[in-house]
Amino acid sequence: MVLREERLRAARAKLVELGVAEYAKNMYHGRAGSGEEWKVDPSYDNTKNGNFNINKQSGLYVGDQRLATFYANYEESSNPDLTAEVHKIVSYDDNAIILDLTFEYATLTDEQRQEFRQAMKVLGNFGISQANPIKYEYKDAVEPVKQKIEQCKIKNHFSLLNVNDIKGITNDLKNGDILKQVFGNQINKLEKFVLDSVGALNTKITFERVPSLLKKVFYAYQDGETEYQFEDPITNEKTNIPINHDYISAWCAENGIIGTRYETTQSRIGIPFQACHIFDLKKIMTEKQYGIMLSNMFQNYGEITNTLANLFGGNREIEKLFAIGNSEEILAFIKQDHRCKELFEKSAHVWQGWNVGQHTQAVLNFFDDYYQIDVDERLRPFIKLCLLTHDIGKGNLDKNLYRDFIDCKTIETQLNLQSAPAVFDALRLAPEYRKLINFVIADSQSFTSNIVLANGDRKALYTQLKDACQIAYVNAFGKNPTNEEVNALRHICVILQECDSGAYTRYATIRESGKSVDGGDDNFTNSFVFNRRGEPRLRCFMELENKQSIQNLSDVEMIK
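These remarks concern the structure in this document. (Residues numbered from 1 in each chain as written. Predicted model: local features only at pLDDT ≥ 70, side-chain atom pairs only at ≥ 80, totals over all residues. Heavy atoms only, no water.)

1. A few points about the environment of isoleucine 205
Considering the arrangement of structural elements, one finds isoleucine 205 in helix α7 (residues 187-209). Classification of isoleucine 205 by relative accessible area gives buried; the value is 16%. Residues isoleucine 205 and lysine 121, 84 residues apart in the sequence, show an inter-C-alpha distance of 8.8 Å. (Helix = DSSP H or I, 4+ residues; strand = E, 2+ residues; numbered from the N terminus. Buried < 20%, exposed > 50% of the residue type's maximum accessible area, 1.4 Å probe, protein only.)

Here is the structure:
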C-alpha cells in the first residue's frame with residue numbers, strides 16, 4: 001500500500017535535496033514591540049496595504065536570526081517607545097516547505113532535471129477542478145468541460161491552450177444542453193468556468209515544464225486569472241495562455257507549501273538580502289506558542305493516547321493508513337470488503353446528492369484540513385475510525401417511514417450500530433474498541449446533537465456527556481479512567497460532531513477521480529467561528545470551553 005502522503009513526503013524531500021525548497025525551520029521574525037506577548041495571528045489583515053499574496057491572505061516576512069535582529073534593531077531606532085524583539089517562528093507541520101525562488105533550473109544536471117520534473121508531477125497529482133473548488137451547483141459541468149479540453153489538446157497536438165481555445169470550447173458548449181441545465185443560459189458564467197478550468201490545466205502543465213513560471217506567478221501576478229506569455233521549450237513558440245491563481249493556491253495548500261524565499265533590497269535597510277514570505281499563517285507560530293500547543297495537546301488527551309494507540313493489533317500498515325492516509329485512500333481500502341462497499345455506495349439521503357461514502361469523505365476531509373495537526377498521530381486512527389463509521393448505516397434509512405427529525409435520527413443511530421460491524425470485522429477490531437467506537441458514534445451524539453440544536457441546557461448536557469464518557473470507558477476497558485482521559489474522550493465526541501456538521505458548510509469538499517465539489521449550506525456555515533489559529537469550530541462548543549473566537553466563518557473567504 002503506497003500512500004499519497006508518503007509520495008508527497010518523498011517528492012518534497014527531493015525538492016529540498018535539489019535546492020528547490022527548504023523545510024520550514026530556523027525562521028525568525030524581527031519587530032519593534034511594546035513588551036506584550038506577541039503571537040502569529042492568522043486573522044491579521046495586511047491586504048489594505050496592497051500586500052496580497054498567492055493565498056489572498058496576509059503574510060509574515062521572516063529571515064535568518066541575523067537579519068531578523070538587524071531589522072528589529074532598525075525598527076527600534078525609529079520608534080523609541082518600542083523595544084526590539086526577535087521571535088523564532090516554527091511550523092507544527094514537520095513536512096511543510098518553502099519554495100526557494102532564487103533557485104536556478106539551469107544549474108541542474110540532466111538527471112537532476114528529470115528528478116525535478118518527476119517530483120513536480122507528484123505535487124501536481126490532483127484534479128484541475130480542485131482549483132476553486134468547483135461549486136456543487138456546477139458539478140454537472142465538470143466532465144463535459146474536461147472532455148472538451150481533452151479534445152482541444154489533441155487537436156493542438158497536446159500543446160497548452162490559449163484564449164482562442166477558451167472561446168472555441170465555450171462556443172461548443174453553449175450549443176448543447178449544459179449551458180441551460182447548469183448555468184441557466186448565463187454565457188458569462190460558462191465562459192468563466194471554462195477559463196478557470198483551462199487556466200488550472202495550463203498552470204499544472206507549466207509548473208512541470210518551466211520552473212521559471214514559479215517566479216512569475218508568485219511575484220508578478222497577484223489576483224485572479226491572467227495571461228502569461230509562455231515559450232514552449234520544445235517548439236520555442238510563444239503564446240499567451242491563461243493561468244489560474246486559485247489553482248496555485250490549492251496546489252500550495254495540498255502540498256504543504258507555506259511560503260517562498262526570494263532576494264530583495266529593502267529600501268529602509270538599504271542592503272540586499274534573502275528573506276521568506278510565509279503566506280499560510282495557519283501553519284506557523286512562535287516557538288512559545290508551539291510549546292503551549294504541545295502542553296495543551298497533552299492536557300486534552302493525556303493517557304488515552306496510549307490506551308487507544310494499539311487499535312489494529314500491531315498491523316503497522318493499517319495504522320499508517322489511518323494515521324496519515326487521506327480520505328480517498330481510507331475509503332478505497334475499506335471498500336475492498338464487499339459488505340463495506342455496498343454500505344458506502346448507498347445514498348446518504350443528504351441534500352447534496354452524495355452517497356454515504358462521499359459524505360464520509362467530506363467528514364474525513366474536514367478532520368484532515370482543520371483538526372489532524374492538533375491530534376497525536378497515534379490517536380488519529382481511532383478518531384478516523386469513528387468518523388468512518390458515524391453514518392455507515394445511513395443508506396438503509398427510508399425517511400418516508402419516520403415522523404420527524406428526532407425519530408429519524410434515532411433510527412439512523414440504530415442502523416449505524418447494526419452496520420458498523422462490517423467495518424470492525426474487516427479490520428479485525430478487538431471488542432473493547434468496538435464498544436468505545438459504538439459509544440462515540442451513537443450515545444455521545446444524543447448529547448452533542450442536542451447541544452448544537454440547543455435542545456436543553458447546553459452546560460448541563462456538556463456535563464452529562466462527561467459522565468457518560470466515564471461510564472463508556474469503564475464498560476469498554478473494565479477500569480476507571482483519569483479525569484484527563486474522560487475529558488479527552490468527550491473532546492473526541494465533540495470532534496465527531498464538528499466534523500460531521502462541518503461536512504455541510506461551504507468549506508467542505510469531496511475529492512474523487514479528479515473532482516472537487518463543495519457542499520455548503522449557510523445555516524451550518526454560520527454556526528461556525530474561527531479559533532485563534534484560524535481553524536473553524538462550532539460556536540456552541542467554543543463558548544462551552546471558554547475559548548476565544550475571531551469572527552464568523554461565513555465572513556471570511558478561506559482558500560484551502
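2. Let's talk about the pattern of salt bridges
As enumerated under the stated definition, the model contains 17 salt bridges in all. A salt bridge links aspartate 376 to arginine 378, with the nearest nitrogen and oxygen atoms 3.2 Å apart. Since its relative accessible area comes to 23%, aspartate 376 is described here as partly exposed. What emerges from the salt-bridge pattern is a single network uniting Lys14, Glu17 and Glu115. (Salt bridge = Lys/Arg side-chain N within 4 Å of Asp/Glu carboxyl O.)

3. Some details on the packing of aromatic side chains
Within the structure shown, the criterion is met by nine aromatic pairs. Aromatic side chains phenylalanine 367 and tyrosine 371 sit 6.3 Å apart centroid to centroid with 10° between the ring planes, which places their arrangement in the stacked category. The exposure class assigned to phenylalanine 367 is buried, which follows from its relative accessible area of 0%. According to the relative accessible area criterion, tyrosine 371 is buried, its value standing at 2%. Every member of this aromatic cluster is reached through a ring pair, and the members are Phe103, Tyr105 and Phe116. Above the plane of the ring of tyrosine 462 lies arginine 490, whose end atom (NZ or CZ) is 3.8 Å from the centre. Over the face of the ring belonging to tyrosine 371 we find arginine 537, whose NZ or CZ atom lies 3.7 Å from the ring centre. (Phe/Tyr/Trp six-rings, centres within 6.5 Å; stacked < 30°, edge-to-face > 60°. Lys NZ or Arg CZ within 6 Å of the ring centre and 35° of its normal.)

4. A word on the nonpolar core
One finds Leu385 and Leu388 to be the most contacted residues of the largest nonpolar core, which totals 79 residues. Top contributing element to this core by residue count: helix α20 (residues 483-502), with nine residues. Leucine 385 has contacts with Leu311, Phe312, Phe322, Val423, Leu427, Leu429 and Ile437, leaving out every residue within four places of it along the chain. Counting 25 residues, the second largest nonpolar core, distinct from the first, contains Leu123, Ala200, Trp251 and Ile257. (Core = buried A, V, L, I, M, F, W, Y, C linked by side-chain atoms within 4.5 Å. Contact = heavy atoms within 4.5 Å.)

5. Details of the side chain of serine 91
As for its placement among the helices and strands, serine 91 is situated in strand β4 (residues 83-91). At a separation of 3.2 Å, a polar atom in the side chain of serine 91 contacts the main-chain amide nitrogen of aspartate 93. A distance of 3.0 Å separates a polar side-chain atom of serine 91 from the backbone oxygen of lysine 283. Apart from residues no more than four positions distant in its own chain, serine 91 is found in contact with Ala24, Ala96, Ile258, Lys283 and Ile284. (Polar contact = N/O pair within 3.5 Å; in protein donor to acceptor, adjacent residues only side chain to side chain.)

6. A short note on the packing of helix α19 (residues 458-477) against α20
Where α19 contacts α20, the two axes come as close as 9 Å, and the packing angle between them is 110°. Taken as axis vectors, α19 and α20 run roughly perpendicular relative to one another. The crossing of α19 and α20 is right-handed. Residue-level contacts link Tyr462, Thr463, Leu465, Lys466, Cys469, Gln470 and Tyr473 of α19 to Asn483, Glu485, Val486, Asn487, Leu489, Arg490, Cys493 and Val494 of α20. Class assignment for the residues of the contact of α19 with α20 results in eight nonpolar, four polar and three charged. (Axes fitted to C-alpha atoms, helices over the stretch in contact; angles between N-to-C directions. Parallel < 35°, antiparallel > 145°, perpendicular 65-115°, else oblique. Left-handed = near helix turned anticlockwise from the far one by under 90°. Nonpolar A, V, L, I, M, F, W, Y, C, P; charged D, E, K, R; others polar.)

By themselves, these are just geometric observations and shouldn't be taken as functional.
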